[in-house]
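# Coordinate inspection notes
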Amino acid sequence: MRNSAQPQISCQQMPLSFLKTGARAKVVKVRGKGDVHHHLENLGFVEGADVHVVSEQAGNLIVEVKGAHVALDKSIASKIVTC
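Criteria and cut-off values
- In every chain, residue numbers begin from 1 and rise along the written sequence.
- pLDDT decides what is reported in this predicted model: residues at 70 or higher carry local features, side-chain atom pairs at 80 or more are listed and counted, and totals for whole chains, interfaces and linings draw on all residues regardless.
- Hydrogens are left out, water is left out, and the side-chain values use all remaining heavy atoms of the structure.
- Here a helix means four or more residues in a row that DSSP labels H or I, a strand means two or more in a row labelled E, and each is numbered from the N terminus.
- Each residue is placed in one exposure class: buried if its accessible area under a 1.4 Å probe, protein chains only, is under 20% of its type's maximum, exposed if it is over 50%, and partly exposed if it falls in between.
- In this analysis, two residues are considered to be in contact whenever any of their non-hydrogen atoms come within 4.5 Å of each other.
- The Shrake-Rupley method, run with a 1.4 Å probe, gives the accessible areas here. Residue values count only the displayed protein chains as cover.
- What counts as a salt bridge is simple: a side-chain nitrogen of Lys or Arg found within 4 Å of a carboxyl oxygen of Asp or Glu.
- When DSSP finds two or more bridges between a pair of strands, those strands are recorded as paired.

Quick look at the overall build of the protein now. In terms of regular secondary structure, the protein is built from 2 helices and 6 strands. When its helices and strands are written in sequence order, the protein yields β-β-α-β-β-β-α-β. A burial count over the protein gives 30% of its 83 residues as buried. A fraction of 57% describes how many contacts in the protein between residues 6 or more apart in sequence connect residues 24 or more apart. On the protein, roughly 5800 Å² of surface is accessible, and the fraction owed to carbon and sulfur atoms is 51%.

Tallying each qualifying case throughout the model produces 1 salt bridge. The residue D50 makes a salt bridge to K26 at a minimum N-O spacing of 2.7 Å. Of this pair, D50 sits in strand 3 (residues 50-57) while K26 is found in strand 2 (residues 24-30), placing the two residues 24 residues apart along the sequence.

The subject of this paragraph is the pairing of strand 3. Where strand 2 and strand 3 come together, 3 bridges link them in antiparallel fashion. Directly across from K26, in strand 3, lies its bridge partner D50. Note that strand 3 and strand 4 (residues 60-65) share 6 bridges and pair antiparallel. When the bridges of strand 4 are listed, E56 appears paired with L61.

Dropping the structure here:
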């Protein structure tokens, strides 16, 4: 007899730019291609990475990812999908 599959834990996916100060999330994916996508991955925005919003002002963010603080403008933060 097979064990029943464990239920998937679902969460609402949203762009990083929607999160407010103090919020924590995991990176689900980084949208876009080319240099911007590659640069974000080099900064630590990879699938499964934990992010913490340190500060938010008008959609521009300072976030902590992999122990480093990174400033992102609203348009770049919107390319990072979190859960």
